[in-house]
There are 2 protein chains.
Amino acid sequence: MKLINGGVCAAKDFLASGIHCGIRKNRTKRDLSLIYSKAPAHAAAVYTTNLVKGAPLTVTKNHLADGVAQAIICNSGNANTCNANGIEVAEEICSLLGREMKLDPNDIVVASTGVIGQPLDVTPIANGIPALVSALSTDGGEAAAEGIMTTDTVKKEVAVEFELGGKTCRMGGIAKGSGMIHPNMATMLVFITTDAAISAEMLQRALSTDIATTFNMVSVDGDTSTNDMVTVLANGAAGNPEITADDADFATFMKALNTITVNLCRMIAGDGEGASKLLECSVTGALDDLTARVIAKSVICSSLVKAAMFGSDANWGRILCAIGYSGATVDVNKVEVKFRSPKGEILVCENGAGVDFSEEIAKEILLEKNIDILIALGDGNGAATAWGCDLTYDYVKINGDYRT
Amino acid sequence: MKLINGGVCAAKDFLASGIHCGIRKNRTKRDLSLIYSKAPAHAAAVYTTNLVKGAPLTVTKNHLADGVAQAIICNSGNANTCNANGIEVAEEICSLLGREMKLDPNDIVVASTGVIGQPLDVTPIANGIPALVSALSTDGGEAAAEGIMTTDTVKKEVAVEFELGGKTCRMGGIAKGSGMIHPNMATMLVFITTDAAISAEMLQRALSTDIATTFNMVSVDGDTSTNDMVTVLANGAAGNPEITADDADFATFMKALNTITVNLCRMIAGDGEGASKLLECSVTGALDDLTARVIAKSVICSSLVKAAMFGSDANWGRILCAIGYSGATVDVNKVEVKFRSPKGEILVCENGAGVDFSEEIAKEILLEKNIDILIALGDGNGAATAWGCDLTYDYVKINGDYRT
């Protein structure tokens with residue numbers, strides 16, 4: 001398992017592109033992306049649990065009912081959500097792309113991200129599709145990663161190489177995150193491609209299992225988006241024997257998938273809206289893994305913890321507070337808290353009470369960009385990690401007037 | 001039922017005081033408050049549900065086991081929470097006050113608010129108690145309201161006059177709020193006094209019933225504090241026949257209590273840390289009241305809604321989003337949303353989708369300080385109101401470096 005350069009075009013027989021078609025006013029920003037597999041691929045997806053669901057998710061869910069897809073089209077600048085004609089528009093986008101590429105619209109995944117509740121004009125997309133399709137290439141992964149960005153400040157892509165049945169396989173992914181990030185049984189927009197051969201059933205199982213400890217453990221602002229979706233396409237071009245059961249190859253595949261997803265989680269959290277720091281909260285010694293997850297997520301979601309981290313302030317009392325209100329079963333008198341960064345590690349709380357520590361050293365550790373909050377509970381063997389970011393002036397600025 | 005001037009000294013035979021004893025470095029800030037009833041009073045309280053509980057809460061709970069109290073002492077500047085010797089310190093404060101006032105320490109309510117996890121030095125409190133007790137007067141309510149403030153920018157007090165059994169009764173309260181405000185089955189610090197005669201049992205019942213729709217519906221930042229507490233003292237000095245059952249007098253008492261608590265809720269939310277606006281979210285037409293409460297609270301807690309309100313941006317899609325992820329059962333295709341302020345009212349969403357509306361008029365409405373978010377669901381007769389505030393640069397500033 002090794003990390004390699006690239007994103008959605010790292011795996012064999014995947015092409016991608018990203019263009020500016022005119023949904024976004026800023027002409028320097030790409031707003032339409034396409035990912036294409038030369039052959040039909042097995043496909044799996046997970047979706048937001050928000051009752052208010054973006055129209056593209058409903059259309060995609062129908063299209064993936066047979067576990068097969070060949071292309072993914074995604075626009076930024078408008079979420080196509082809470083619009084009376086949202087479903088029609090999402091279906092029209094698939095029809096237009098299908099006609100241009102001679103694909104069955106049912107084999108197309110459609111996604112949208114951006115502002116909610118403003119009708120999505122299909123005209124710029126219709127006009128842009130020919131250029132989008134002509135731009136498809138194995139070098140287009142980066143452009144595709146850019147085309148799905150909203151308030152993201154950096155594009156997010158990652159790829160790995162691994163071996164299955166003596167064949168070299170690759171997997172790569174791109175993500176868009178930034179705000180309204182608090183996935184629950186699904187997530188922000190993530191598109192993953194692989195040339196490994198795997199049945200649609202096992203692909204869905206791999207994805208559904210993985211997200212519980214990855215994307216569902218990321219929070220930027222506690223708001224579960226209406227348009228969250230993760231999709232994986234597996235086209236089998238690597239030529240490995242197709243994975244159809246929970247065997248050693250499946251375990252390898254899961255490991256590759258987890259490498260992609262954990263890396264994307266870190267990128268999404270670290271580039272949370274306005275974020276100046278990536279926070280990684282690791283809980284060990286919980287009664288069970290689920291308890292650990294509840295606690296890790298409660299800490300990473302606390303506005304007060306997030307603001308303290310922005311100020312590089314070792315205010316561990318707020319961490320204890322967030323553990324206490326998490327709803328998890330925990331003996332608060334045994335809690336240990338440490339902060340860690342590339343500058344070192346410092347113990348700040350033991351047995352649920354403060355210890356003497358150097359504020360200067362703590363400050364030096366917390367001034368770094370990547371901060372680990374390490375919580376040891378002493379209640380059992382449950383463990384979990386959650387990813388988040390600090391709460392900054394820029395978060396307020398970005399969200400105080402997002403639409404105008 | 002009429003609102004009158006005053007706070008905890010509005011009711012007969014209550015005295016109060018507030019001084020600077022030296023817990024806080026700033027000598028112009030009072031940090032120690034006392035409320036005293038000339039005769040022992042029936043007492044009721046509710047406490048935070050956070051598993052990490054401030055030591056003063058544990059001590060107060062013991063002292064109120066018999067339903068009687070005569071004094072409340074509260075310091076600001078230090079929460080006396082997550083300290084190895086917290087219980088001892090809280091008990092010593094009661095002993096010192098008991099000795100000075102010739103009161104049984106078991107009749108004293110003790111509370112603390114401020115930073116968590118730093119040992120509370122009892123010396124300034126011990127040195128301050130004689131001055132605190134000599135300062136007791138019927139004019140001391142305001143000083144007491146000031147002595148419990150932390151990052152609050154205004155003192156919070158309210159009083160009402162009402163009639164029970166032909167006797168004029170009064171009730172008044174003070175509160176401290178601002179940050180770490182997301183009460184759950186209890187709240188921030190609130191002290192209420194009344195000269196109405198009511199049994200300890202009915203007093204507790206009144207309080208426990210009331211908070212479900214008042215303090216539990218306030219959120220500033222989603223963080224449930226370790227030190228939340230609401231206490232009511234009823235000394236019977238008004239001379240009304242003691243309320244001992246769920247009768248008409250009890251209903252009047254409940255109405256008086258609700259007037260006090262709703263006013264304090266609005267004050268606490270409007271003075272949330274860094275807040276520039278008070279948000280009041282009213283949900284009607286829900287399946288039941290509980291559903292309405294879940295939805296109202298989800299909207300008021302959304303960082304994205306709060307930031308949009310800071311920017312006076314009619315971004316109603318974020319409200320739909322927060323309704324959708326609230327966990328409540330709701331038909332999202334029937335949701336109607338309006339914004340209202342002293343400048344007028346505007347419909348922005350109908351049947352779960354956007355309507356044409358004037359952005360200029362919406363902006364004018366949302367530039368006001370008091371904003372109502374009106375959500376009509378059309379699912380049933382459940383209703384609820386929640387109070388919150390906008391998310392501002394100042395919230396981040398205040399909490400980025402609270403301890404130093």
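Since the structure is predicted, the reported quantities are computational estimates derived from the model, not experimental observations.

Draft legend 1. Just helix α8 (residues 303-310) of chain B, in detail. Residue and element names in this part refer to chain B. Of all the eight residues making up α8, eight are buried; the element is thus mostly covered by neighbouring parts of the structure. Taken residue by residue, α8 has S303, L304, V305, K306, A307, A308, M309 and F310 as its buried positions. Phi turns positive one or two residues past the end of α8, at S312, with a value near 50°.

Draft legend 2. Expanded view of the nonpolar core. Residues A16(A), I295(A), A16(B) and I295(B) are the most contacted members of the largest nonpolar core, which totals 292 residues. With residues near it in sequence (within four places) discarded, A16(A) still touches V8(A), C9(A), L34(A), I35(A), Y36(A), L136(A), G140(A), G141(A), A143(A) and A144(A).

Draft legend 3. Broad picture of the sheet that holds strand β12 (residues 344-350) of chain A. All names here are of chain A. If you walk across this open sheet you meet the six strands as β13-β12-β11-β14-β10-β15, and the pairing is mixed. A single partner strand is all that each edge strand has here, and the edge strands are β13 (353-354) and β15 (382-389). One ladder, built from seven bridges, connects strand β10 (residues 278-286) with strand β14 (residues 370-376); its direction is parallel. Its bridge partner lying in β14, T284 is registered against A376.

Draft legend 4. A look at the interface of chain B and chain A. The partner chain A presents 52 residues to the 51 residues of chain B that form the contact. Listed by contribution, the elements that provide at least two residues to the side of chain B that touches chain A are α8, α9 (317-324), β13 (353-354) and α11 (393-400) of chain B. If you tally residues by element for the side of chain B that touches chain A, the top one is α9(B), at six residues. A class-by-class count of the residues in the side of chain B that touches chain A yields 25 nonpolar, 21 polar and five charged.

Draft legend 5. Structural view of the environment of G311(A). By the element assignment, G311(A) lies in the loop between α8 (303-310) and α9 (317-324). Taking the C-alpha atoms as reference points, G311(A) and F250(A), separated by 61 residues in sequence, lie 44 Å from one another. With near-sequence residues (within four places) excluded, G311(A) lies in contact with G400(B) and D401(B).

Draft legend 6. Here's a closer look at the pairing of β10(A). Where β10(A) and β15(A) come together, seven bridges link them in antiparallel fashion. Across the sheet, C281(A) pairs through a bridge with A386(A), a residue of β15(A).

Draft legend 7. Structural context of the packing of α8(A) against α9(A). All names here are of chain A. Axis separation between α8 and α9 bottoms out at 9 Å; the angle between their running directions is 160°. Classified by the angle their axes make, α8 and α9 are roughly antiparallel. For the pair α8 and α9, the crossing hand works out as left-handed. Counting all contacts with α8, which are made through L304, V305 and A308, the residues of α9 involved are R318, I319 and A322. Grouping the constituent residues of the contact of α8 with α9 by class yields five nonpolar, no polar and one charged.

Draft legend 8. Spatial organisation of the domain arrangement of chain A. Residues and elements named next belong to chain A. Here chain A is partitioned into domain 1 (2-270) and domain 2 (278-400). Facing 12 residues of domain 1, the contacting portion of domain 2 comprises 14 residues. Grouping the constituent residues of the side of domain 1 that touches domain 2 by class yields five nonpolar, six polar and one charged.

Draft legend 9. Seen up close, the packing of helix α7 (residues 289-301) of chain A against α9(A). Residues and elements named next belong to chain A. Remark: α7 packs on α9, axes separated minimally by 8 Å, with the N-to-C direction vectors making an angle of 130°. By the criterion of interaxial angle, the relationship of α7 to α9 is oblique. α9 is crossed by α7, and the crossing has right-handed handedness. In this structure, α7 uses I295, S298 and V299 to contact α9, whose residues at the interface are I319, A322 and I323. Tallied by class, the residues present in the contact of α7 with α9 amount to five nonpolar, one polar and no charged.

Draft legend 10. Here's a closer look at the relation of the copies chain B and chain A. Between chain B and chain A, which share one sequence, the superposing operator has a rotation angle of 180° and an axial displacement of 0.0 Å; the RMSD is 0.0 Å. Such a turn and shift between the copies fits a two-fold axis. In terms of proximity to the rotation axis, the leading residue of chain B is Y393(B), whose C-alpha is 2.6 Å off the axis. Taken as a fraction of all interface residues of chain B, those also at the interface in chain A reach 100%, which identifies the copy contact as same-surface.

Calculation criteria
- Residues numbered from 1 in each chain as written.
- Chains lettered and ligands numbered in written order.
- Predicted model: local features only at pLDDT ≥ 70, side-chain atom pairs only at ≥ 80, totals over all residues.
- Buried ≥ 20, exposed ≤ 12 C-beta atoms within 10 Å, placed from the backbone.
- Helix = DSSP H or I, 4+ residues; strand = E, 2+ residues; numbered from the N terminus.
- Core = buried A, V, L, I, M, F, W, Y, C linked by C-beta atoms within 7 Å.
- Contact = placed C-beta atoms within 7 Å.
- Pairing = 2+ DSSP bridges.
- Nonpolar A, V, L, I, M, F, W, Y, C, P; charged D, E, K, R; others polar.
- Axes fitted to C-alpha atoms, helices over the stretch in contact; angles between N-to-C directions.
- Parallel < 35°, antiparallel > 145°, perpendicular 65-115°, else oblique.
- Left-handed = near helix turned anticlockwise from the far one by under 90°.
- Domains from an automatic or database assignment.
- Least-squares fit on C-alpha atoms with pLDDT ≥ 70 in both.

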